Amino acid sequence: MDIIRRVIRYRQLFIVLVWREFAVRYRYTIIGVMWAGLQPLSMMLLFTFIFTYIMKLHVSSYPSFIFYFAGLIPWTFFAHSLNASIPSLTNHYQLITKIYFPRELLPLAGITAALLDFFICAVILFVFILIYRIPLTWNALWLFPLIVLLVVFTTSVSLFLAGLNVYYRDVRLASNFLIQLWFFMSPVMYSVDSLSTKMKLLLFLNPLTFIIENTRRVLLEGRGIVLWQMAFVCVVITIFYVVLSRFFIKIERAFADVI
Amino acid sequence: MSSEYALELCGVWKKYSISEFFHRSVREEIVGLFKHKTGDALSKDEFWALKDVNLALKRGDVVGLYGANGAGKTTILKIISSITYPTLGSVAVNGTVAPLIEVGAGFHPDLTGRENIYVNGTIIGMEIKDIRARMPGIIAFSELEGFIDMPVKKYSSGMYLRLGFAVAVNSSAEILLFDEILSVSDVDFQNKCINKIRELKQDNRTIIMVSHNLNLLRETADSIYLIKDSTAVLMPW
């Protein structure tokens, strides 16, 4: 709550920082903002090629490239947010040691820019859904709470790791490896449906598993969410957020002395 | 804390560590996550950067801080602008602060001068529509009319400085902190800045200037503090 209040107080700076993040990223590029969709789209083609044409896997009743794309969108948001936010504080040490503003604005600006990319990809996904006539049901509305969970979870992890990186630069060096590992632990290129209960429980320790699995479930398969699972994940992610954002605010005061 | 002062520092002490690693301190933070702790004892690799600094400024005061390198001048500015926090003592600030510890901090090399005015302006607390309204004044003050839509990575350091200073003095902040920023510019721009500082004083803004140049401070400041041995002493005029 503290963080939301501080961002609202400094919203003008926040808007400008997000705009800067976006403007700087696509400046001097030829295809500009199209890069946002290009990366998940090319991963999607790769997965479809390998799993559908080489390994002959059958993952879904609808076209498999949509299966992969729907998993890649939340994943890409998560990975891009971590990549943008972890070095965001240390990269701006000149700002942090010279001017006061709530430090979380820097990682949050990176996450918000990744969220804009996320919405661009979401539009592409809906175009696919329309073209391939995948029936949408009211269950698709579950997408909105799922997106909120994704953003809150991503924000907690990003703030924690970005703050820790000010003290230990190991975080940045470990992050590539960590993100890769996390990718394989998330059901982006597979589905947990066919796995044993034990394996499912193990994979559901990762909140992204719940989010990615259910994104496909509500949007592409027209099924609802298991309510007790939803409640449980909500509680877990809220605790995550409260503890990690509190940790960030606590160590934030010393950033200028440490960085 | 009475509100007659724009700015008040009471018995401010600041401890710094000379070790390059902060392992102990992050652990302290984690342990102290749910309890409050103050430390007034020095451990082996710590020193006092500020010892019992007392300052009180009224609205419209222009104060100079003068002292050798490393005496603690910039630390005082950092505490006033809450970039860092005092180990002991209290700080009361009434009004918005525009810290200029370094001119042009936050400029992005790939953005143009005009775009950077927006970034820098919001960083020092201006509203976007406010910046838009003041834009012609800022550009005119910086004398960079012909270069304002050029990426600032192509600017010279003098142009950089002008742009940063122009944003700061055209902001609506009530308290302005200038760290050694006049000594780098040419004489003409320096005079322009000195005039601008007098103008700001008329406007009842509070200004703290840090400089090694005593003559410059004498020309603009009402009173000058000598920062020596980590503490502030009022200099006889």
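Scroll up for the structure.
Everything numeric in this text was worked out from a predicted model, so none of it was measured.

Criteria and thresholds
- Each chain has its residues counted from 1, running along the sequence as written.
- Starting at A for chains and at 1 for ligands, labels are handed out in the order in which the entities are written.
- Where totals are concerned, whole chains, interfaces and linings use all residues; where local detail is concerned, this predicted model gives features only for residues with pLDDT of at least 70, and gives and counts side-chain atom pairs only at 80 or more.
- Excluding hydrogens and water, the side-chain figures rest on all heavy atoms present in the structure.
- In this text, helices come from DSSP runs of H or I with a minimum length of four residues, and strands from runs of E with a minimum of two, each type numbered from the N-terminal end.
- Exposure classes here rest on a 1.4 Å probe applied to the protein chains alone. A residue is buried below 20% of its type maximum, exposed above 50%, and partly exposed in between.
- Each accessible area is a Shrake-Rupley result for a 1.4 Å probe, and residues are judged covered by the shown protein chains and nothing else.
- The rule is short: rings of Phe, Tyr and Trp, with Trp giving its six-membered ring, pair when the centres are within 6.5 Å, and they are stacked under 30 degrees, edge-to-face over 60, tilted in between.
- By definition here, charges over rings are those cases where NZ of Lys or CZ of Arg is within 6 Å of the ring centre and within 35 degrees of the ring normal.
- Between N-to-C directions, angles span 0 to 180 degrees; the directions come from axes that are lines fitted to C-alpha atoms, helices contributing only their stretch in contact.
- Throughout, the term roughly parallel applies to angles under 35 degrees, roughly antiparallel to angles over 145, roughly perpendicular to angles from 65 to 115, and oblique to all others.
- Each crossing is labelled by how the near helix is turned from the far one, with a counterclockwise turn of less than a right angle marking it left-handed and a clockwise turn marking it right-handed.
- Here a residue-residue contact requires only that any non-hydrogen atoms of the pair lie within 4.5 Å.
- The residue classification treats Ala, Val, Leu, Ile, Met, Phe, Trp, Tyr, Cys and Pro as nonpolar and Asp, Glu, Lys and Arg as charged. All others, Gly included, are polar.
- Throughout, nonpolar core names a set of buried Ala, Val, Leu, Ile, Met, Phe, Trp, Tyr and Cys residues whose side chains join them through atoms within 4.5 Å.
- Working rule for helices: expected span equals 1.5 Å times residues minus one.
- Pairs of N or O atoms are called polar contacts if they sit within 3.5 Å, as long as, within protein, a hydrogen donor faces a hydrogen acceptor (for residues adjacent in sequence, only side-chain-to-side-chain pairs).
- Working convention for charge: Lys and Arg count positive, Asp and Glu count negative, and His plus the chain ends are omitted.
- A pairing counts as a salt bridge when a side-chain nitrogen of Lys or Arg comes within 4 Å of a carboxyl oxygen of Asp or Glu.
- Note on patches: the residues involved have over 30% relative accessible area and no salt bridge, like charges join within 9 Å, and the nonpolar side chains Val, Leu, Ile, Met, Phe, Trp and Tyr join within 5 Å.

## Regarding the overall build of chain B
Scanning chain B from N- to C-terminus turns up seven helices and nine strands. Evaluated residue by residue, chain B yields a buried proportion of 52% over its 237 residues. On chain B, roughly 11,000 Å² of surface is accessible, and the fraction owed to carbon and sulfur atoms is 51%.

## Considerations on the packing of aromatic side chains
Residue and element names in this part refer to chain A. Here the structure, examined in full by the defined rule, presents 27 aromatic pairs over all chains. Ring geometry for Phe65 versus Phe128: centroids 5.1 Å apart, planes at 90°, classification edge-to-face. Linking Phe65 in helix H4 (residues 64-85) with Phe128 in helix H7 (residues 105-131), this pair joins segments that are 63 residues apart in sequence. Within the aromatic cluster, the residues linked to one another by ring pairs are Phe47, Phe51, Phe67, Tyr68, Trp75, Phe78, Phe153, Trp182, Phe183, Phe184 and Phe240. Across the ring face of Phe101, the terminal group of Arg103 is positioned such that the distance to the ring centre comes to 5.1 Å.

## Considering the packing of helix H8 (residues 143-167) of chain A against helix H12 (residues 227-252) of chain A
All names here are of chain A. Contact geometry of H8 with H12 gives a least axis separation of 9 Å together with a crossing angle of 30°. On the basis of their axis angle, the class for H8 and H12 is roughly parallel. Crossing handedness for the pair H8 and H12: left-handed. Taken together, the residues of H12 that come into contact with H8 (itself represented by Pro145, Leu149, Val152, Phe153, Ser156, Val157, Leu159, Phe160, Gly163, Leu164 and Tyr167) are Met230, Val233, Cys234, Ile237, Phe240, Tyr241, Leu244, Ser245, Phe247, Phe248 and Ile251. Within the contact of H8 with H12, the residues separate by chemical class into 19 nonpolar, three polar and no charged.

## Here we look at the nonpolar core
Counting residues in each nonpolar core, the largest one holds 129 residues, and the members touching the most others are A:Trp75, A:Leu208 and B:Ile117. Apart from the residues within four sequence positions on either side, B:Ile117 is in contact with B:Ile131, B:Met135, B:Ile138, B:Ile139, B:Ile148, B:Leu163 and B:Val167. Ranked by size, the runner-up nonpolar core spans 22 residues in total, among them B:Leu55, B:Leu65, B:Ile175 and B:Ile208.

## Some remarks on helix H11 (residues 207-219) of chain A
Residues and elements named next belong to chain A. When the terminal C-alpha atoms of H11 are compared, their 18 Å separation across 13 residues agrees well with the 18 Å that a helix rising 1.5 Å per residue should span. Most of H11 sits inside the fold, with twelve of its 13 residues counted as buried. Restricting attention to buried positions, one finds in H11 the residues Pro207, Leu208, Thr209, Phe210, Ile211, Ile212, Glu213, Asn214, Thr215, Arg216, Val218 and Leu219. The inward-facing, buried residues of H11 contact H4, H7, H8, helix H9 (170-185), helix H10 (197-203) and H12. Where H11 begins, one side-chain oxygen reaches toward the backbone nitrogen of Leu208, 2.9 Å away; that side chain belongs to Asn206.

## What to know about H12(A)
Relative to the 38 Å expected for 26 residues at 1.5 Å per residue, H12(A) spans 37 Å between its end C-alpha atoms, a close match to the ideal helical length. All buried positions along H12(A) are accounted for by A:Met230, A:Val233, A:Ile237, A:Tyr241, A:Leu244, A:Ser245, A:Phe247, A:Phe248, A:Ile249, A:Ile251 and A:Glu252.

## Structural notes on the side chain of A:Arg103
Structurally, A:Arg103 is set in the loop between helix H6 (93-96) and H7. Buried charged residue A:Arg103 carries no salt bridge. Nearest counter-charge: A:Glu252, at 5.0 Å. Contact partners of A:Arg103, with chain neighbours within four places excluded, come to A:Arg6, A:Leu89, A:Ile96, A:Phe248, A:Glu252, A:Phe255, A:Ala256 and B:Ile83.

## Notes on a nonpolar patch on the surface
Together, A:Ile30, A:Ile31, A:Met34, A:Trp35 and A:Leu38 line one region of the surface with nonpolar side chains, adding up to about 560 Å² of accessible area. Counting through the fold element by element, A:Met34 comes out in the loop between helix H2 (11-26) and helix H3 (35-54).

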